[in-house]
Amino acid sequence: MLELAQRTIIVPRNVQLEVVSKSYRQNNYQIGFGNYFAAQIAIGGVKKIESGILDQVYCFATIFYTLDKRIITVDVHSEMR
């Protein structure tokens, strides 16, 4: 079960997770996480793409992780960011 600002979503086990973007973000070391990677995942996969905007089955999750692959945090959201 995932709680979004607008609603709660029940996601079945073994659902497809589709990576839709990956990035490396470099920040001033005094701000936030410092340097990190981020991967945006479509939970349930992408059901359609229209005008470059992805529509997911359930929701999106952004996983933030360190250079040595340790997860910093996971952000769950209803729209692609």
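Rules and cut-offs
Residues numbered from 1 in each chain as written. Predicted model: local features only at pLDDT ≥ 70, side-chain atom pairs only at ≥ 80, totals over all residues. Heavy atoms only, no water. Phe/Tyr/Trp six-rings, centres within 6.5 Å; stacked < 30°, edge-to-face > 60°. Helix = DSSP H or I, 4+ residues; strand = E, 2+ residues; numbered from the N terminus. Buried < 20%, exposed > 50% of the residue type's maximum accessible area, 1.4 Å probe, protein only. Pairing = 2+ DSSP bridges. Axes fitted to C-alpha atoms, helices over the stretch in contact; angles between N-to-C directions.

1. Description of the packing of aromatic side chains
For step 1, the next point in the chain: Counted under the stated rule, the structure contains three aromatic pairs.
For step 2, the next point in the chain: Seen in terms of ring centroids, Tyr36 and Phe64 are 5.6 Å apart; in terms of plane orientation they differ by 65°. Their pairing is edge-to-face. Residue Tyr36 is located in strand β4 (residues 36–43), and its partner Phe64 is located in strand β7 (residues 59–65); the two are separated by 28 residues in the primary sequence. Across the pair, Phe64 and Tyr36 agree in class, each one buried.
For step 3, the next point in the chain: Aromatic pair Phe37 and Tyr65: ring centres 5.5 Å apart, planes at 20°, arrangement stacked. Here Phe37, found in strand β4, pairs with Tyr65, found in strand β7; they are 28 residues apart in sequence, far enough to count as distant.

2. Some words on the sheet that holds strand β3 (residues 17–25)
For step 1, the next point in the chain: Across the sheet, four strands lie side by side as β3-β4-β7-β8; this open sheet has antiparallel pairing. Looking at strand neighbours, the two that pair on one side only are β3 and β8 (71–77), the edges of this open sheet. Strand-to-strand twist across the sheet, computed as the mean angle between neighbouring axes with direction ignored, equals 20°.

3. Some remarks on the pairing of β4
For step 1, the next point in the chain: Within β4, seven of the eight residues are buried, which leaves it mostly tucked inside the rest of the structure.
For step 2, the next point in the chain: Where β3 meets β4, eight bridges bridge the pair, whose relative direction is antiparallel. Along β4, the bridge assignment pairs Leu17 with Ile43.
For step 3, the next point in the chain: Examined bridge by bridge, β4 and β7 share seven bridges and lie antiparallel to one another. Across the sheet, Ala38 pairs through a bridge with Phe64, a residue of β7.

Spatial relationships are all this shows, so hold off on functional conclusions.
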